[in-house]
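Overview (structure and organization)
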Amino acid sequence: RTCLVRPGGGPSPVASGTEGRVLDCLQSAMSLRRPVFVFPVSDMRTYEPLPGMSDFATNDGSLPGRGFVDTLVRSGGSPPTQWSEETGTYTSRARGRTCLRDCMMMKPGSTVEDVYFALKRLRAIDGEYVRAEAASALGGTPNLVTKKEAISYKNRIIHIMTTKRSAWQK
């Protein structure tokens, strides 16, 4: 779509007809920036998911139901990792590997600190931020990243360490 904006900020001849056109123009501009996908993990070697995300992977209301999963399987696809074909429900025991099970969609320009706060809000992690390491792909060498570093394809697999101890450490 074409969007004309006058340098002075006044209405352009194209957008002066209705507010709907301006809204369309703004929506088109916003759609040009794609979301950033980040994969929070608990271990940078095995890429195991965060234990705190298990509830979202098994009990969240947004997960596909039995009918959807059956249709997916009949059309040649695979059921979700946490799906139990025996019971027709999600279970905490995964079929096969669960590396990079969880994916979070973040706004463009989101930082490592934003990911930390999102995970904390989801109660996937507790404690204060200590440090984070990230990699761009499976098998990539993890590098330390700062809190203010923007999430991109270079650091989309991330392990955030906090001051909260695990149950076995207490």
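Here the structure is shown first, and the text comes after it.
Every chain is numbered independently, its residues counted from 1 as its sequence is written. Under the rules for a predicted model, residues below a pLDDT of 70 receive no local features and side-chain atom pairs below 80 are neither given nor counted, while totals for whole chains, interfaces and linings still include all residues. To obtain the side-chain values, all non-hydrogen atoms of the structure were used and water was disregarded.

Here the focus is the pattern of salt bridges. We define a salt bridge as a side-chain nitrogen of Lys or Arg found within 4 Å of a carboxyl oxygen belonging to Asp or Glu. Counting across every chain of the model gives four salt bridges. The salt bridge partner of Lys147 is Glu113, with a shortest N-O separation of 3.8 Å. Of this pair, Lys147 sits in the loop between β6 (143–145) and β7 (157–162) while Glu113 sits in helix α4 (residues 112–121), placing them 34 residues apart in sequence. Under the scheme used here, helices are H or I runs from DSSP no shorter than 4 residues and strands are E runs no shorter than 2 residues, and both carry numbers assigned from the N terminus.

Within the secondary structure, His159 sits in strand β7. Exposure is judged per residue with a 1.4 Å probe applied to protein chains only, and the accessible area is read against the type maximum: over 50% gives exposed, under 20% gives buried, and values in between give partly exposed. Residue His159 is classed as buried on the basis of its relative accessible area, which comes to 15%. Contacts of His159, omitting those with residues within four sequence positions, involve Val41, Ser42, Met44, Arg131, Ala132 and Glu133. The contact criterion used is simple: two residues touch if any of their non-hydrogen atoms lie within 4.5 Å.

Aromatic pairing here means that ring centres of Phe, Tyr or Trp (its six-membered ring) are within 6.5 Å. Orientation follows from the plane angle: under 30 degrees is stacked, over 60 is edge-to-face, and everything else is tilted. Taken as a whole and assessed by the stated rule, the structure comprises two aromatic pairs. Ring geometry for Tyr116 versus Phe117: centroids 5.1 Å apart, planes at 55°, classification tilted. Measuring from ring centre to ring centre gives 5.7 Å for Tyr116 and Tyr129, while their planes differ by 75°; the resulting arrangement is edge-to-face. In this pair, Tyr116 is assigned in helix α4 and Tyr129 in strand β5 (residues 129–135), connecting sequence segments 13 residues apart. The pair formed by Tyr116 and Tyr129 is uniform in burial state, with each residue classed as buried. Among the aromatic side chains, those forming a connected cluster through ring pairs are Tyr116, Phe117 and Tyr129.

A separate point is the side chain of Ser110. Position of Ser110 among the secondary structure elements: in the loop between β4 (104–106) and α4. Here Ser110 falls in the buried class, since its relative accessible area comes to 6%. At 2.6 Å, the side chain of Ser110 and the backbone oxygen of Lys107 are in polar contact. Excluding residues that lie within four positions of it along the chain, Ser110 makes contacts with Glu149, Ala150 and Ile151. Two N or O atoms form a polar contact when they lie within 3.5 Å of each other; inside protein one atom must be a possible hydrogen donor and the other a possible acceptor, and for residues adjacent in sequence the pair counts only when both atoms belong to side chains.

Limitation: the analysis is restricted to geometry and does not speak to function.
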